[in-house]
Amino acid sequence: MGDLTTQSGSDGFNGEFVKPSRGAFACMINSEIGAVLAVMRRNVRWRVRYVADDDQLEHSLIHSLKELRKQIFSWQHQWQNVDPVVYVRPFLDVIQSDETGAPITGVALSSIYKILTLDVLDLDTVNVGDAMHLIVDAVTSCRFEVTDPASEEVVLMKILQVLLACMKSKAATRLSNKHVCMIANTCFRIVHQASSKGELLQRIARHTMHELVRCIFSHLPEISSTENEMADGSLLSASEVVGIQNRNHMLGSILENGDMGIDCDGPSPLSDVSCPPIVKSATELDTSKIVESDRKEDAQHGEILMMAPFGIPCMVEIFQFLCSLLNIIENIGIGPKSNPIAYDEDVPLFALGLINSAIELGGPSFSKHPKLLALIQDDLFRNLIQFGLSMSPLILSTVCSIVLNLYYHLRTELKVQFEAFFSCVLLKLAQSKHGSSYQQQEVAMEALVDLCRQQTFVAEMYANFDCDITCSNVFEDIANLLSKSAFPVNGPLSAMHILALDGLVSMIKGMAGRIGSELSVSDKGSTDRDRYEAFWTLKCQNYSDSNSWIPFVRKIKSIKRKLTIGADHFNRDPKKGLEFLQGIHLLPDKLDPESVALFFRYTTGLDKNLIGDFLGNHDEFCVQVLHEFARTFDFHDMNLDSALRVFLGTFRLPGESQKIQRVLEAFAERYYEQLPQILCNKDAALLLSYSLIMLNTDQHNVQVKRKMTEEDFIRNNRLINGGKDLPQEYLSELYHSICENEIQMIPDQGAGFPVMTSSRWINVVHKSKDSTPYISCDSGAHLDHDMFAILSGPTIAAISVVFDQVEQVDVLQTCIDGFLDIAKISAHYHFGDVLDDLVVSLCKFTTLLTPLSVEEAIVSFGDDARSRMATTTVFMIANSYGDYIHSGWRNILDCVLSLHKLGLLPARLASDAADEVDSTSDHEWGKPATSSLSTSQTAPAANSRKSFSLIGRFSQLLSFDMEEPMLLPTEEQLAAQQHLREIVQKCHIDNIFMESKFLQAESLLQLVGAIILARGRFSKGSGVMEDEDTAVFCLELLIAITLNNRDRILIIWQNVYKHISDIVQQKAMPCTLVEKAVFGLLKICQRLLPYKENLTDELLKSMQLILKLDARVADAYCEPITQEVMHLVKANATHIRSHLGWRTIISLLFITARHPEASEFGFEALAFMMSEGAHLLPSNYILCVDAAREFAESRVGEVDRSISALDMMAGSVVCLVRWSYETKNAVEEEAAVKVSQDIGEMWLRLVQGLRAVCLDQREEVRNYAILMLQRSLAGVDGIHVPNAMWFQCFDLVIFTLMDDLLEIAQGSSSKEYRKMEGTLVLATKLMSKAFLQSLQDLSRQPSFCKLWLGVLNFMERYMKVKFRGKRSEKIHELVPELLKNTLLVMKTTGILMPSDDIGGDSFWQLTWLHVKNIVPSLQSEVFSEQELEQMQAKHKNTAGIPVTDGAVLVPSNETTA
């Protein structure tokens, strides 16, 4: 049980052994016998001896060797069955003999070493265990006569060689725990003795000891955890078994010898292996009989363990012995406040090196064996903390190496110990303000950085300590330390700063590497607590399940933050502090003693003076809190002084005696409740506690001159245990414990880094028993979001300071890597503010924002590696993580504008991804930036287009005259500029704007806002040309972004439109900026209309800005504007539906009708819409008709254009007919009536427009307009035109036209209106045809008579018209013919019938009255006398009551419209 598992070939050291054949082995044994005999014969003492009878006898040693020689060759085929004791004993006898000298002993040792290394002794060998034990016994008790120092050293080296070979042998597993301890002890003794010998022996001895420890503990992983039951028993000290010198005696001899070598030394035997603790607490005593009985049982059990096969017991003994070597400080009287390693660093270095080797090989297997683990948790770590404060950097480095190994292998078992080590050693030493030397700081910082490089270290520190209410914020402390240490304060940058930077970058790099490995956690831990919950009762259900512990630690961290705030309130005012805690639901609404006591017990950062005063208060509630507070402690298995140390470590004992009384009463009651074995009642515990407090004050108060002796202390405590004395041994132990280790009456307040005293270490050990399990983090990014929120700010600041001051390129690259990792993490966790801060910081290093001339800026930028790296990084971040940049866009845009000013940007940077150069437009997008170093100078931006005015051309000439000759750049300057262009090209600045469509909405808005603001900030102090160039560039960027974000244009459209609007309305003269604004707006509309139907009206409405242009600007750009509008209409006519949109478009076309350059394109666009009704809609019909009339009336173009316009107007009637037909079939009756009314109004507007053109001075246009009007009137048959509208048509169009034409014919000169006779003829025909067309419908209307009389009136008037004093023959021929035709139609349809009304105003009479004025004989031609008589007779018989007004013959029962 507890021994090494015997596995064939499991020994890692077997590679150096070679197994010979059986015959060869006999020869080898023979040669070794011969070698020993030869050396012995050289000595006179071992030659032939004679006795009295002259018989020759041999010495027993020689005789046994010769006897062995006789037998070995007879065993050739049965070596495996030969007891190895037979052939090793003769050699061992020589080794153990005190008669042999060093040479003989050395040869015998060599023989044994050879036998061991021949690999003959293995686990299958007969009686191999006894043989191994004999070898160890003989070698460890080796005796020889010293003749000279050199031979002595040789023998000692061979002893080391043989003992190490024993441990490396396959048969080593047959060794007992006792013999392994003997081997270790002997090797250590030789290490000690070597300190006074030669250098070679010293080094070999130390090396052998290291190899031995490595060999022993390399077997630890092979021992199963179930075999440690016997090892857990109480161990017998090795001194009782091995029988070596007393440890204290050996320690004294070590210190006397002094020099123990360079590598490692420190002699101390394995006697009393149990390492005495620094705090010598009193052992618990029962009756003397029980104690004696226990001792006997322990001794017997220990003997059994030590004789068991090699396993855990010997490892425990050896490891405990190694830890005890670190306690050497205690034996030489060095106090804790003095330099612990001032005397010599070799002993602790030697011990620490051996311990490190053991841990390296044992690894996680230590955790399987409680005894070994307990040594690490208590003895080892206590000494590591103490030696960690050593002034020796070498010792500190070794300590840090051990801690790193312990973290790697055993961190789950050492949670509280690590917290103590970090707080008391590493974090303390790494800060210069605590008095540590630069070397100490550097070693401590290196250790921290090494730990930070471990994959899970940072996350585990945060989860286990920062998210534990009872622990300090180790992660925050490390982060703050590294960030502050990276800042050079009042001095140049040093290696320490770079080291701290490496640590920060390592932490950030680890987080960046874990991105994407997050697990979906169901509950992230609620931070809003609206109800009271006892935080000290919260437990995690499963610390191994990330879905369980991640929400738990987040919740605890939230509580811890609130507790920190609450503690701060409490420290200022306890009463208000408790009320505040109630307000945030960390204490119940009604305070109870238990909750307050647990708040005091588990909250860090509380003022312990206030806690002591509260607990000692006589108030009843405070007394109850005191007793509840005492119940939170577990004093089981603790001595009284240890329990008192733990208790008083949580608050400061108040100074008043009554308060002390109350506090100690509560303590004594709790202690006796849990440990009633020794003390008979709580009063005894109280009295003894009081006595210990007094003893502590007496011993450690410098003002007390006469110190209390042990006898005084024992005498003072007589008869306190229920009238009986306590055991003297018990009191003596208490006395020495208090004397040697003071009880700290002023505990730590939590600020700064405490000194690890004995009392505090007891608190650490006690805390470790109750601490929550250690959370092991895998490679997932479970808590990186929370940690980065803490780490980001200090890290950016620290890296920025280093980046600003360092010159080495490799360090600069390290900083850049850190910046990029921060950006990556910020983007992943959506820390926009962090990313903005990073961008702001980096932009400062680009030097692009420094006001310099172009030449100076290019030279500065080209020579500064820091500036180039920062610039590249800024744009890399902008391209990769732009989604989460907000305010940082302003700084980025400032850099872009600076590069533009320097002429380092690509020519088409501002072009959108799908943009192509438009061959029909002479304005260029994305022109190259200009600079004084450019080989070709471009003209000023304002003159890039041709000037359309005299003033513009004159200003252009002035600008040429005032230009000064430019100096041509040198080849070096051109090469430098080209190199910088290549660098900038690699930044892919264009992608920022081309790929802006992938930005999140908030970031996109910020980018647009930054572009709009950038121009104003950049142009301050710049010249006019630079100001305009910057404004143009910003506008181009804005337009490019707008075009690239067509799918979500609504997000940015208002800002873009406002910016363009401001430019358009502020500029009163033509310039490049307003040109870019106008054409950019048109381009946006042209590109986006096909994709955004819901935004069509908004886009087209924005084009009204063009209508608001200053007259000079509008005149200068009218032609290209109209061109763009034409393209827009041709490409997007099908997408424009609303009246508002069409009104904007057609308004732009309308104003071009009379512009000499623009009218052609305007008419082309209008023709595209109206030809064959291709794009005529009810929403744009009237607008198009009005625009066509404007083009028809315009004299800018040829007459043919006016004719075409009239054709389009007349042809549009087809659309009205089609719409009317579609309406009848698709719409309900009520809606159809409304639509029909609308169509009628459109038709009326059409004929009104044609009527206006009928008055044109040009004969061709005027006559053609009348024909088109006639066509429009005739084409209305397919439309249901209401009768009232026909009457309106006659009144507003036909009659008005007839009247106007007559007036023109009679009043205008022939030069203005030529050939009006033909026009009147056409107009007369028009009126007649229109009347006949509508006759059937209008004849039934009450107003028909008035209409008819109007027609007759115009015929009469036209008959009287004269041209140059003569009547018109054409009209005189035409009017009678038209009138006769009309009368015949009216006769045929029954409209004109004779009437017998007496009055003179009947329809019949009125008709003939007017006809006679025109053609007197026409009645007889239309009606014969016979027809009149018949019609009158028929009318009298069939008609009803005559119509009273005489207008028309209509039956009385018909209704009129």
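*Asks:* Sorry, what's going on with the overall build of the chain here?
*Replies:* A tally of regular secondary structure across the chain gives 62 helices and four strands. Restricting the contact set of the chain to residue pairs at least 6 apart, pairs at least 24 apart contribute 77%. A total of about 63200 Å² of accessible surface is found on the chain, and carbon and sulfur atoms cover 51% of it.

*Asks:* Even after reading the chapter, I still don't get the packing of aromatic side chains, so can you show me in this structure?
*Replies:* Any aromatic ring pair is given by two values, namely how distant the centres are and how the planes are angled relative to each other. All told, the structure shown has 43 aromatic pairs when counted by the stated rule. Where Phe633 meets Phe635, the ring centres are 5.7 Å apart and the plane angle is 15 degrees; that geometry is what we call stacked. Neither Phe633 nor Phe635 differs from the other in exposure class; each is buried. These aromatic residues form a ring-pair network of at least three members: Phe629, Phe633, Phe635, Phe647, Phe651, Phe667 and Tyr671. Seen from the ring of Tyr602, Arg601 lies directly overhead, with NZ or CZ sitting 5.6 Å from the centre. Looking at Arg601, its charged tip hangs above the ring of Phe633, at a distance of 3.9 Å from the centre.

*Asks:* Sorry if this is basic, but what is going on with unusual backbone geometry here?
*Replies:* Across the chain, the bulk of peptide bonds are trans and the bulk of non-glycine residues have phi less than zero. Located in the positive-phi region is Asn127, a residue other than glycine, with phi close to 55 degrees. When you line up the elements, Asn127 lands in the loop between helix 4 (102-117) and helix 5 (128-140). Of the residues examined, Asn127 reaches a relative accessible area of 27% and is grouped as partly exposed. Backbone geometry at His830 places phi at a positive 60 degrees, although glycine is not the residue there.

*Asks:* What is the right way to read the pattern of salt bridges from this model?
*Replies:* Side-chain pairing between opposite charges can occur once the charged atoms of the two side chains come close. The final tally for this structure, using the stated rule, is 35 salt bridges. Between Asp641 and Arg645 there is a salt bridge, with its nearest N and O atoms 3.9 Å apart. In this pair, Asp641 and Arg645 are both assigned in helix 27 (residues 640-648), four residues apart and thus about one turn of the helix distant. For the pair shown, Asp641 and Arg645 are each scored as buried. Close ionic contact of Lys1058 with Asp1062 constitutes a salt bridge, the shortest N to O distance being 3.3 Å. Separated by four residues within a single helix, Lys1058 and Asp1062 lie in helix 44 (residues 1049-1066), roughly one turn from each other.

*Asks:* Hey, could you run me through the packing of helix 27 against helix 29 (residues 682-700) in this one?
*Replies:* A packed helix pair is summarised by two numbers, namely the angle formed by the two axes and the spacing between the axes. One way to put it is that helix 27 packs onto helix 29 with a least axis distance of 11 Å and a crossing angle of 75 degrees. Relative to helix 29, the element helix 27 lies roughly perpendicular. In contact with Leu640, Asp641, Leu644 and Leu648 of helix 27, helix 29 contributes Leu688, Ser689, Leu692 and Ile693. The residue inventory of the contact of helix 27 with helix 29, partitioned by class, reads six nonpolar, one polar and one charged.

*Asks:* Can you walk me through the side chain of Asn1132 in this structure?
*Replies:* Among the structural elements, Asn1132 can be located in helix 48 (residues 1111-1132). Overall, the relative accessible area of 0% leaves Asn1132 in the buried class. Among the polar contacts made by the side chain of Asn1132, one reaches the main-chain carbonyl oxygen of Gln1086 at a distance of 3.4 Å. Those residues in contact with Asn1132, other than ones at most four positions away along the chain, are Gln1086, Leu1089 and Pro1090.

*Asks:* What is the right way to look at the side chain of Ser1334 in this model?
*Replies:* Within the secondary structure layout, Ser1334 lies in helix 57 (residues 1316-1338). Exposure remark for Ser1334: the relative accessible area of 3% places this residue in the buried category. At a separation of 3.0 Å, a polar atom in the side chain of Ser1334 contacts the main-chain carbonyl oxygen of Ala1330. In this view, Ser1334 contacts Trp1286 and Phe1290; residues no more than four positions away in its chain are not counted.

*Asks:* What exactly am I supposed to notice about the nonpolar core here?
*Replies:* Counting residues in hydrophobic clusters, the biggest one holds 459 residues, and the most contacted among them are Tyr87, Phe319, Leu406 and Phe600. Looking at which element gives the most residues to this core, the answer is helix 56 (residues 1283-1307), with 14 residues. Apart from the residues lying within four places of it in its own chain, the contact partners of Phe600 are Phe570, Leu606, Ile611, Phe614, Leu615, Val625 and Phe629.

*Asks:* In this structure, what is going on with the environment of Ile159? I would like to understand it.
*Replies:* Mapped onto the fold, Ile159 is located in helix 6 (residues 149-168). When residues no more than four places from it in sequence are discounted, the contact partners of Ile159 are Leu109, Val139, Cys142, Thr186 and Ile190.

*Asks:* Mind showing me how you'd approach the packing of helix 56 against helix 57 here?
*Replies:* At a closest axis distance of 10 Å, the pairing of helix 56 and helix 57 adopts a crossing angle of 165 degrees. Here helix 57 runs roughly antiparallel to helix 56, going by the angle between their axes. Like other packed secondary-structure pairs, helix 56 and helix 57 cross with a definite hand, here left-handed. Classifying every residue of the contact of helix 56 with helix 57 by side-chain character gives 19 nonpolar, five polar and one charged.

*Asks:* Just checking my understanding: could you explain the confidence of the model for the chain for this structure?
*Replies:* Taken residue by residue, the chain gives an average pLDDT of 78. The fraction at 70 or more is 81%. Under a pLDDT of 50 for its full length, residues 50-56 has, in the predicted model, five contacts with residues more than four places off or in other chains.

*Asks:* I keep staring at the environment of Asp502 and nothing clicks. Help me out?
*Replies:* Relative to the elements of secondary structure, Asp502 occurs in helix 21 (residues 495-513). Overall, the relative accessible area of 23% leaves Asp502 in the partly exposed class. It is 9.7 Å that separates the C-alpha atoms of Asp502 and Ile799, two residues lying 297 residues apart in sequence.

*Asks:* I tried to follow helix 33 (residues 784-805) on my own but got confused; where do I start?
*Replies:* Structurally, the α-helix is built with 3.6 residues per turn, so residues lying three or four positions apart point the same way. Between the first and last C-alpha of helix 33 there are 29 Å, a value that for 22 residues agrees with the 32 Å anticipated at 1.5 Å per step. Where helix 33 bends most, at Leu791, the angle is about 40 degrees, and the proline Pro794 comes one to four residues later.

*Asks:* Would you mind going over the state of the cysteines with me for this structure?
*Replies:* Any covalent bond linking the sulfur atoms of two cysteines counts as a disulfide. For the structure on display, the rule yields zero disulfides. For Cys187, which is in no disulfide, the shortest distance to another cysteine sulfur is to Cys166 and amounts to 9.6 Å.

*Asks:* I tried to follow helix 48 on my own but got confused; where do I start?
*Replies:* Considering bend angle alone, the principal kink of helix 48 is centred on Cys1118 and spans about 60 degrees; proline Pro1120 follows within four residues of it. Where helix 48 begins, the side chain of Asp1110 points an oxygen toward the backbone nitrogen of Arg1112, at a separation of 3.0 Å.

*Asks:* How should I be thinking about the environment of Val139 in this particular structure?
*Replies:* Within the secondary structure layout, Val139 lies in helix 5. Taking the C-alpha atoms as reference, Val139 lies 7.6 Å from Leu92; in sequence the two are 47 residues apart. Aside from chain neighbours lying at most four places away, what touches Val139 is Ile95, Leu109, Ile159, Val162 and Leu163.

Calculation criteria
- Residue numbering note: each chain is counted from 1, following its sequence as written.
- Restriction of local features to residues with pLDDT of at least 70 applies here, the model being predicted, together with a cutoff of 80 or more for giving and counting side-chain atom pairs; totals for whole chains, interfaces and linings are based on all residues.
- The side-chain figures draw on all heavy atoms in the structure; neither hydrogens nor water molecules are used.
- Secondary structure is summarised from DSSP: a helix means a run of H or I of at least four residues, a strand means a run of E of at least two, and numbering begins at the N terminus for each.
- Here a residue-residue contact requires only that any non-hydrogen atoms of the pair lie within 4.5 Å.
- Throughout, the Shrake-Rupley method with a 1.4 Å probe supplies accessible areas, and for residues the shown protein chains are the sole cover considered.
- Each aromatic pair joins two rings of Phe, Tyr and Trp (for Trp, the six-membered one) with centres within 6.5 Å, and gets the label stacked for planes under 30 degrees apart, edge-to-face for over 60, and tilted for any other angle.
- The buried label goes to any residue with under 20% of its type's maximum accessible area, the exposed label to any with over 50%, and the partly exposed label to all in between, with areas taken from a 1.4 Å probe on protein chains only.
- Here, a charge over a ring is recorded when the distance from Lys NZ or Arg CZ to the ring centre is within 6 Å and its angle to the ring normal is within 35 degrees.
- Here a salt bridge means any side-chain nitrogen of Lys or Arg lying within 4 Å of a carboxyl oxygen belonging to Asp or Glu.
- To get an axis, a line is fitted to the C-alpha atoms, and for a helix only the part in contact is used. The angle between two axes follows their N-to-C directions and goes from 0 to 180 degrees.
- Every angle not falling under 35 degrees, over 145, or within 65 to 115 is termed oblique; those three ranges are roughly parallel, roughly antiparallel and roughly perpendicular.
- All amino acids are sorted into three groups, where Ala, Val, Leu, Ile, Met, Phe, Trp, Tyr, Cys and Pro are nonpolar, Asp, Glu, Lys and Arg are charged, and the leftover types, Gly among them, are polar.
- Distance and chemistry together define a polar contact, namely a pair of N or O atoms within 3.5 Å, with one atom able to donate a hydrogen and the other to accept it when in protein, and with adjacent residues in sequence counting only for side-chain atoms on both sides.
- Buried Ala, Val, Leu, Ile, Met, Phe, Trp, Tyr and Cys residues form a nonpolar core when they are joined through side-chain atoms within 4.5 Å.
- Crossings are sorted by hand: turned counterclockwise from the far helix by less than a right angle, the near helix makes the crossing left-handed, and turned clockwise it makes it right-handed.
- Every residue carries a pLDDT, the predictor's confidence in it, which falls somewhere between 0 and 100.
- The span expected for a helix works out to 1.5 Å for each residue beyond the first.
- Across the chain, bend at a residue is computed as the angle between axes fitted to the seven residues ending at that point and the seven starting from it.
- Disulfides are defined as pairs of cysteine sulfur atoms found within 2.5 Å of each other.

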